[in-house]
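# Remarks on the overall topology
Now for the letters of each chain:
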Amino acid sequence: MRLVAGSKSLKTLLIASKDEPSIAKIHALMILTGIFGHGNSNAKLIQSYARLGYIESARQVFDKSPQCGVDAWNAMIIAYSRRGAMFEALSLYHRMASEGVRPDSSTYTVVLKACTRSLDLRSGEETWRQAVDQGYGDDVFVGAAVLNLYAKCGKMDEAMRVFDKMGRRDLVCWTTMITGLAQNGQAREAVDIYRQMQKKRVEGDGVVMLGLIQACTTLGHSKMGLSIHGYMIRKDIIMDVIVQTSLVDMYAKNGHLELASCVFRKMLYKNVISWSALISGFAQNGFAGNALQLVVDMQSFGYKPDSVSLVSVLLACSQVGFLKLGKSVHGYIVRRLHFDCVSSTAVIDMYSKCGSLSSARTVFDQISFRDLISWNAIIASYGIHGSGEEALSLFLQMRETNVKPDHATFASLLSAFSHSGLVEKGRYWFSVMVNEYKIQPSEKHYACMVDLLSRAGRVEEAQELIDSMITEPGIAIWVALLSGCLNHGKFLIGEMAAKKVLELNPDDPGIYALVSNFFATARRWDEVAEVRKIMKKTGMKKVPGYSVMEVNGKLHAFLMEDKSHHQYEEIMQVLGKLDYEMKAMGYVPKTEFVLHNLEEEVKERMLCNHSERLAIAFGLLNTGPGTRLLITKNLRVCGDCHEATKFITKIVNREIVVRDVKRFHHFKDGVCSCGDYW
DNA sequence: GTAGGGTTAG
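It should be emphasised that the depicted structure is a prediction, and the values quoted were computed from it without experimental measurement.

We now examine the protein's contact with DNA strand B. Near DNA strand B, the surroundings consist of 47 residues, among which Ser106, Lys152, Asp170, Thr175 and Gln183 are the closest. Expressed as a percentage, the sugar and phosphate content of the atoms of DNA strand B within 4 Å of the protein is 45%. Interatomic distance of 2.6 Å between a side-chain N/O atom of Lys253 and a phosphate oxygen of DNA strand B. In the model, a phosphate oxygen of DNA strand B is placed 3.1 Å from a nitrogen or oxygen of the Gln284 side chain. For the surface near DNA strand B, a count of residues per class yields 20 nonpolar, 17 polar and 10 charged.

And the structure:
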């Protein structure tokens, strides 16, 4: 090998080197030629070692250098910071002063970055003060770094204060503000800053657009998202994989799954994150089947699902009650990936929604770190299974920890009380939430309380609570009151609630179905017709009810009156036989749960064709005697099916678990765990 | 000036 003398060419070689031995060779050459120790050659060596992850070798160069310039110190600090070794990065920075090396703009920038990575606000602010002292207060790089520190620590007020005082702002400073606001739930303010930026004639790039897209995602503002997308195309702004992924995410989260898929298909370079964005979009919008299919597709394209994409799979499993798949995903994450706080919470949620409350609890008890959301998940689990007492006991355990309950914790707790009919406990903890925790009750909390009271038949008290509200009660509250009135035959208050509901122009067909059910129960057929007319006019159709059941690791879905099933004849035979036996035991069909004004006999037929009945019959046909059946329904279970299922458990001597959109019903020996509160 | 701003999940 010919000796390469020039320091410049050695540095070029350094940049090209791909492994430790080749850097070491150049390192040796530098020592031989006497270049090492001059200029910033040691800084370049440190950078090269660090770039490939050889941080110990980098440190050796640093320690063995006769003297280190600021570049070498900076390179070493960056190396530690990138590796996540914040303590080493900071202690090097603190050592600089005693070794007589003056930090430069880069030093402050990278140290601030290190503090941001570890969310160390105190050290960050101290570094920022020192930077200002040393005359770097107007440096845009240092400025952007401190803005980002505040943004990542959730201190947007502080960021804004610094931003307002900045003499010079470049694109990165603007972007940091826009992204920071968007990620801290201040999406409108993010858009305001962008408008200011436009006024100053600063041209945005893809990263700015990404911040705006995130703002649209949280605002649910698909129109603006669409126009940003169009703007990028018109202005030829480069959309890399990150920007494109954020578009997929934005469209998917706003429910425009066709647009999301369209952007996704056109992406030339995809990665696991882009796949995950699309998968979670489908899962979150309730398209569990599509989400699961996408995971299969992803693998056939050579992408391995990671814990993030698997969390979406778990969500999909939760939605359809696919316990078998959920279990294997759980096993896979534990064995092969990182079972962190997020994935363990998703697993807890999956087990609980797939009917295995005890497995959910086991996972919860085993995990080493529990944050607010893990606690909320386990409390909510007991709630939907109707164990209000156990939900409360977990809440009391949570109070012993450092994790502070939030509005969602109380929403789950109150709803747990509601499902268990624990009215007094609900009243008590509602007041604790307000008085001790100073949590302003939201619409959701009021809805829970109204639900709790009116489920228990105390609709007058519920109405009093509504009257005490400072804010205008929203639709969820009137709906809760109305369902209570429907279940307890309180037609006077019910009528008032029904009118309020209709005034608020709900866009959910399920709500119209409830109003219509209410009037049907009151035998007010004119009003029923009126509601149906509104539904027709606004082009709304009742969401078709369906039930899903897993048998032998495969999912089977049933729609109401589903004749397409290959076992339809056998299913009808089973139902006919059950119907006969049920009636002999005293079962009377509750035909008031049918929407239409039809002949009694037709109504009865429609009832026994409800999707959950078909699923039960299918389960009885295809599983061994004594096997527990788990059925997942997309709507609330109807009152008649609820009654019938109780009879069926007695006849066939089986446990039947039905999960509806609100909670679990464990039917056994003619009784339901909900105690007929639901 | 490979120093600062960026993607998915409970």
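Taken together, Arg82, Lys113, Arg117 and Lys152 make up a surface patch of like positive charges. Tracing the sequence through the fold places Arg117 in helix H7 (residues 105–117).

Once that is clear, we can look at unusual backbone geometry. Here Arg523, not a glycine, exhibits a phi torsion of approximately 55°, which is positive. The phi dihedral of Asn552 falls on the positive side, at around 50°, and the residue is not glycine. Counting through the fold element by element, Asn552 comes out in the loop between strand E1 (546–551) and strand E2 (554–559).

Below, the discussion takes up helix H13 (residues 206–219). Over its 14 residues, H13 runs 20 Å from end to end, which matches the ideal 20 Å to within 8%, given 1.5 Å per residue. When you tally the buried positions in H13, you get 10 out of 14 residues, the bulk of the element. Every buried residue of H13 is listed here: Gly206, Val208, Met209, Leu210, Gly211, Leu212, Ile213, Ala215, Cys216 and Thr217. Looking at the buried positions of H13, the neighbouring elements they touch are helix H11 (171–183), helix H12 (187–199), helix H14 (222–234) and helix H15 (241–253). Residue Asp205 occupies the N-cap position of H13, its side-chain oxygen lying 3.2 Å from the main-chain nitrogen of Val207. Following H13 by one or two positions, Gly220 has its phi on the positive side, about 65°.

Moving on, we come to the pairing of E2. Where a strand is regular, its side chains alternate between the two sheet faces. Note that E1 and E2 share six bridges and pair antiparallel. Paired with Tyr546 across the strands is Leu559, a residue of E2. In this antiparallel pair of consecutive strands, E1 and E2, the connection spans two residues, and Asn552 shows a positive phi of 50°.

A few words now on empty space enclosed by the protein. Going through the model one piece at a time under the given rule, you end up with two cavities of 30 Å³ or more. By volume, the second largest cavity amounts to about 30 Å³. As for the second largest cavity, its lining consists of Gly137, Asp138, Asp139, Val140, Met166, Gly167 and Arg168. A per-class count over the lining of the second largest cavity returns two nonpolar, two polar and three charged.

Turning our attention to the UniProt feature "repeat: PPR" (unreviewed entry) in chain A. The UniProt record marks residues 69–103, 139–169, 170–204, 271–305, 371–405 and 442–472 with the feature "repeat: PPR" (unreviewed entry), using the residue numbering of this structure. Each end of residues 69–103 is marked by a C-alpha atom, and these two atoms are 10 Å apart; helix forms 77% of the span and strand 0%. For the annotated span residues 170–204, helix accounts for 74% and strand for 0% of the residues, and the straight-line distance between the end C-alpha atoms is 11 Å.

On to the nonpolar core. Grouped together as the largest cluster of nonpolar side chains are 176 residues, with contacts concentrated most on Met76, Leu413 and Leu481. Ranked by residue count, the leading element in this core is helix H9 (residues 140–152), at nine residues. Here Leu481 is in contact with Val450, Ser454, Val459, Ala462, Gln463, Ile466, Ile493, Met496 and Ala497, once residues within four sequence places are set aside. If you look at the next biggest cluster of nonpolar residues, it comprises 25 residues, including Phe558, Met582, Leu629 and Ile648.

Okay, the state of the cysteines next. What is meant by a disulfide is a covalent connection between two cysteines, made through their sulfur atoms. Evaluation of the coordinates by the stated rule reveals zero disulfides. In this structure Cys317 is not part of a disulfide, and its nearest cysteine sulfur, from Cys354, lies 6.3 Å away. Relative accessible area serves as the criterion here: at 0%, Cys317 is assigned to the buried category.

We now examine the sheet that holds E1. Reading across from one edge, E2-E1-E3-E4-E5-E6 is the order of the six strands in this open sheet, with mixed pairing throughout. Two strands in the sheet have a free side with no partner beyond their single neighbour: E2 and strand E6 (671–672). Sheet topology places strand E5 (residues 664–668) next to E6; two bridges connect them, and they run antiparallel. Counted as the bridge partner of Lys668 is Val671 from E6.

This brings us to the pattern of salt bridges. If the charged atoms of two oppositely charged side chains come close together, the side chains can form a pair. Per the stated rule, a full pass over the model turns up 21 salt bridges. Between Glu461 and Arg458 there is a salt bridge; the shortest N-O distance is 2.7 Å. Here Glu461 falls in the partly exposed class, since its relative accessible area comes to 22%. Residue classification places Arg458 among the partly exposed positions, given a relative accessible area of 26%. A salt bridge links Lys646 to Glu643, with the nearest nitrogen and oxygen atoms 3.5 Å apart. Of this pair, Lys646 and Glu643 both sit in helix H36 (residues 639–652), separated by three residues, roughly a single helical turn.

This paragraph deals with the packing of aromatic side chains. Note on aromatic pairs: each is described by the distance of the centres and the angle between the planes. This model, assessed by the stated rule, comprises 18 aromatic pairs. When the ring of Tyr93 is compared with that of Tyr108, the centres are 6.2 Å apart and the planes differ by 75°; the resulting orientation is edge-to-face. With Tyr93 in helix H6 (residues 86–98) and Tyr108 in helix H7, this residue pair connects regions lying 15 residues apart in the sequence. Here Tyr93 falls in the buried class, since its relative accessible area comes to 6%. Pairing Trp275 with Tyr303 gives two aromatic rings, centres 5.9 Å apart and planes at 45°, and the pair type is tilted. Taken together, the residues span a long stretch of sequence, with Trp275 in helix H17 (residues 272–284) and Tyr303 in the loop between helix H18 (288–300) and helix H19 (307–320) at a distance of 28 residues. By the ring-pair criterion, three or more aromatic residues cluster together here, those being Phe395, Phe410, Tyr428, Trp429 and Tyr437.

The rules behind the values
Starting afresh in each chain, residues are numbered from 1 along the sequence in its written order. Chain letters start at A and ligand numbers start at 1, both assigned in the order the entries are written. A pLDDT threshold of at least 70 governs which residues receive local features in this predicted model, and a stricter bar of 80 or more applies before side-chain atom pairs are shown or counted, although totals over entire chains, interfaces and linings include all residues. Values reported for side chains reflect all heavy atoms of the structure, with hydrogen atoms and water molecules removed beforehand. We call a residue near a molecule or strand as soon as one heavy atom of that residue lies within 4 Å of the molecule or strand. Whenever two N or O atoms come within 3.5 Å, that pair is a polar contact, provided that in protein one can donate a hydrogen and the other can accept it, and provided that, for residues adjacent in sequence, both atoms are side-chain atoms. Classification used: nonpolar for Ala, Val, Leu, Ile, Met, Phe, Trp, Tyr, Cys and Pro, charged for Asp, Glu, Lys and Arg, polar for all others including Gly. Residues with no salt bridge and a relative accessible area higher than 30% make up the patches, which join like charges within 9 Å and nonpolar side chains (Val, Leu, Ile, Met, Phe, Trp, Tyr) within 5 Å. We get accessible surface area from the Shrake-Rupley algorithm with a probe of 1.4 Å; when it comes to residues, only the shown protein chains can shield them. By definition here, a salt bridge exists when the distance from a side-chain nitrogen of Lys or Arg to a carboxyl oxygen of Asp or Glu is within 4 Å. Residues counted as positive are Lys and Arg, residues counted as negative are Asp and Glu, and His and the chain ends are not counted. Just so you know, the charge point we use is NZ for Lys, CZ for Arg, CG for Asp and CD for Glu. Per the convention used, a helix needs a DSSP run of H or I reaching at least four residues, while a strand needs a run of E reaching at least two, with both numbered from the N terminus. In this scheme, a helix's expected span is set at 1.5 Å multiplied by one less than its residue total. Three exposure classes are used, based on accessible area relative to the maximum for each residue type with a 1.4 Å probe and protein chains only: buried under 20%, partly exposed in between, and exposed over 50%. By definition, residues are in contact when any of their heavy atoms lie within 4.5 Å. Paired strands, in this sense, are two strands between which DSSP finds at least two bridges. Residues are called lining when one of their atoms sits within 4 Å of a cavity or pocket point, these points coming from a 1 Å grid over the protein atoms alone, where a cavity is a set in which a 1.4 Å probe fits but cannot get out and a pocket is an open set with protein on both sides within 12 Å along at least five of seven lines. Grid points are joined across faces, edges and corners, and a volume is the space filled by probe spheres set on the points. UniProt positions are given in the numbering used here, feature names are shortened, and annotations may be inferred rather than shown by experiment. Working definition of a nonpolar core: buried Ala, Val, Leu, Ile, Met, Phe, Trp, Tyr and Cys residues. They are joined through side-chain atoms within 4.5 Å. In this description, the term disulfide denotes a pair of cysteine sulfurs within 2.5 Å. Aromatic rings from Phe, Tyr and Trp, with only the six-membered ring used for Trp, were paired whenever their centres fell within 6.5 Å, and each pair was classed as stacked if the ring planes differed by under 30 degrees, edge-to-face if by over 60, and tilted otherwise.

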